[in-house]
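# Residue-level structural notes
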Amino acid sequence: MNIHEYQSKQIMREYGIHVPEGYPAFTVEDALENAKRLDTPVVVVKAQIHAGGRGEAGGVKLARSLDEVRKYAKELLGKVLVTRQTGPQGKTVNRLLIEAGCHIKKEYYLSFVVDRQAECVVMMGSESGGMSIEDVAAENPEKIIKEYIDPVIGLADFQAQRMAYALHFEKPTIRKAATFMKYLYNVFVDKDCSLAEVNPLVVTEEGDVMALDAKLNFDDSTLSRHPEIVALRDITEEDQKEREAAAEGLNYVNLGGDVACMVNGAGLAMATVDIIKENGGEPANFLDVGGDSTPEKIVAAFRIMLEDDQVDGILINIFGGINKCDVIATGIVEAAALLSGGKEEFPIPVVVRLEGRNVERGREILAKADIKNLYPASSMDEGAKLAIRLAKETREKK
Ligand code: GDP
Ligand code: MN
């Protein structure tokens, strides 16, 4: 789960981390009110969306008067901001953070993340702050410094100090930087974060060490013990379809291509996505109907996939285990009838590959139903190739 920058900063503040004074704003009036409250020569107006890269996309503005605050707040609220992290459709700005400006002397990068390979939390720091860490990792990987943290000991003082020296913090700020790291580690552990990132962490002309940006992601499986985090959820930031699917007990992930995949099980989902890619296609999503599919779930899955205009074909890849192929087949037949108003057809090609438990009965049900636009496939590879070709034909007819 993600939260907004201003919410992350509030949590960091509670843990003793120095962040600029600032308040969230939902309207232009809020923004002006907050700017007056700050009463600083420079006020930063920041778009609050669940995506980074706002700076270079025009989502971070420095205002030098109340008139400028009004102008920028008006401009940003309701605007669709397209950043390198939002995808081409962008994200609508519904909230702003109105923050006291500061005199930046130098920008750094600092984060904590779980390193699966090392099986521990790693602290990463860089002197190349403020810019995309992905770019730094690609172009100057040696500029990213890592400290692997023993889960029993936690972040040791010497590690924080070593990081501060390696990042060339100046003498008077070394201790503050190391303390900052320790506090951020406390946030990471206490709140069950999957990521805690400050980019940029800045040293100001006055010698303060502060978080100018803040990003916390949380491990979803721990949310039951963090009602205070769940309360910060902003569902307008979450993928509409992923939410709908979750409500139906389906696991849906949007991938942006044109061939939708209905599968059972995450492993098969990965394999299906891979095989579509390998055959030159682009998966639109994967929709995992899980191990206890009912015909109702299959119908819901079709509805979600067909709502997406981008989808020109569907590949159903089911390995019957706990799921029985005949139940899936019945769901497919019901979906065709429901979605076509009883005409027994699908609006776009649907390729079905069934294997496993009760497969003969499943194939029989599909053959008997004689649904238009439904194509059986006997292997994953054949199914993927067929779905890609049929999706292409659908697209060309559009
Ligand atoms: P991101 O682009 O979404 O990561 O947004 P950030 O919060 O990191 O802001 C982008 C950039 O705006 C930062 O790297 C800073 O250079 C600049 N910025 C953010 N807040 C302030 C501020 O208070 N004062 C000044 N002068 N610059 C700021
Ligand atoms: Mn940033």
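Reference entry: report on the structure contained in this document. Because the structure is predicted, anything quoted here is derived from the model rather than measured. (Residues numbered from 1 in each chain as written. Chains lettered and ligands numbered in written order. Predicted model: local features only at pLDDT ≥ 70, side-chain atom pairs only at ≥ 80, totals over all residues. Heavy atoms only, no water.)

Here we come to the environment of glycine 78. On the secondary structure map, glycine 78 appears in the loop between helix 3 (66-76) and strand 4 (80-81). Overall, glycine 78 belongs to the partly exposed group, its relative accessible area being 48%. On a C-alpha basis, the gap between glycine 78 and lysine 91 in space is 9.4 Å, while along the polypeptide they are 13 residues apart. Excluding residues within four positions of it along the chain, glycine 78 makes contact with Thr92 and Val93. (Helix = DSSP H or I, 4+ residues; strand = E, 2+ residues; numbered from the N terminus. Buried < 20%, exposed > 50% of the residue type's maximum accessible area, 1.4 Å probe, protein only. Contact = heavy atoms within 4.5 Å.)

Once that is clear, we can look at helix 11 (residues 325-339). Taking 1.5 Å as the rise per residue, helix 11 with 15 residues should run 21 Å; its terminal C-alpha atoms sit 21 Å apart, in good agreement. Of the positions making up helix 11, those classed as buried are Cys325, Asp326, Ile328, Ala329, Gly331, Ile332, Val333, Ala335 and Ala336. Elements in contact with the buried residues of helix 11: helix 10 (295-306), strand 16 (313-320), strand 17 (345-356), helix 12 (359-369) and strand 18 (372-376). Within two residues after helix 11, glycine 341 carries a phi angle of roughly 65 degrees, on the positive side. (Expected span 1.5 Å × (residues − 1).)

Donor atoms from the polypeptide that coordinate the manganese ion (ligand 2) comprise Asn199 (O) and Asp213 (OD), at 2.2 Å from the metal. On the criterion of sequence distance, the pair formed by asparagine 199 in strand 10 (residues 193-204) and aspartate 213 in the loop between strand 11 (209-211) and strand 12 (215-218) is long-range, its members being 14 residues apart. Judged by relative accessible area, which is 13%, asparagine 199 ranks as buried. Residue aspartate 213 is classed as buried on the basis of its relative accessible area of 19%. (Donors = N, O, S within 2.8 Å, 3.2 Å for Na, K, Ca; no water.)

Taken together, the neighbourhood of ligand 1 is formed by 18 residues, with Lys46, Arg54, Gly55, Glu107 and Asp213 sitting nearest. At a separation of 2.7 Å, an oxygen atom of ligand 1 approaches a polar side-chain atom of arginine 54. In this structure, an oxygen atom belonging to ligand 1 sits 2.6 Å away from a side-chain N or O atom of glutamate 107. Broken down by secondary-structure element, the contributors of at least two residues to the shell around ligand 1 are strand 2 (43-48), strand 3 (60-63), strand 7 (104-115) and strand 10. Its residues assigned to classes, the shell around ligand 1 shows eight nonpolar, six polar and four charged. (Near = heavy atom within 4 Å. Polar contact = N/O pair within 3.5 Å; in protein donor to acceptor, adjacent residues only side chain to side chain. Nonpolar A, V, L, I, M, F, W, Y, C, P; charged D, E, K, R; others polar.)

It is worth spelling out the sheet that holds strand 13 (residues 251-254) at this point. An order of 13-15-14-16-17-18 is seen for the six strands of this open sheet, with the pairing classed as mixed. Every other strand in the sheet has two partners, leaving strand 13 and strand 18 as the edge strands with one partner each. On average, each strand axis in the sheet is tilted by 15 degrees relative to the strand beside it, whichever way the strands run. Alignment of strand 16 against strand 17, held across seven bridges, turns out to be parallel. Looking at strand 17, one finds that isoleucine 316 is bridged to valine 352. (Pairing = 2+ DSSP bridges. Axes fitted to C-alpha atoms, helices over the stretch in contact; angles between N-to-C directions.)

Let us look at the pattern of salt bridges. Applying the stated criterion across every chain, the model contains 30 salt bridges. Residues glutamate 393 and arginine 389 are paired through a salt bridge, measuring 3.2 Å at the closest nitrogen-oxygen approach. Here arginine 389 and glutamate 393 lie together in helix 13 (residues 380-397), a separation of four residues that amounts to about one turn. Residue arginine 389 is classed as partly exposed on the basis of its relative accessible area, which comes to 47%. Overlapping salt bridges bring together Glu5, Lys9, Lys46, Arg54, Glu99 and Asp213 as one network. (Salt bridge = Lys/Arg side-chain N within 4 Å of Asp/Glu carboxyl O.)

The contact between helix 10 and helix 11 brings their axes to 8 Å, and the two run at 50 degrees. Classed by the angle they form, the pair helix 10 and helix 11 counts as oblique. The hand of the helix 10/helix 11 crossing is right-handed. Here helix 10 contributes Pro295, Ile298, Val299, Phe302, Arg303 and Leu306 to the contact with helix 11, which in turn contributes Val327, Ile328, Thr330, Gly331, Ile332, Glu334, Ala335, Leu338 and Leu339. (Parallel < 35°, antiparallel > 145°, perpendicular 65-115°, else oblique. Left-handed = near helix turned anticlockwise from the far one by under 90°.)

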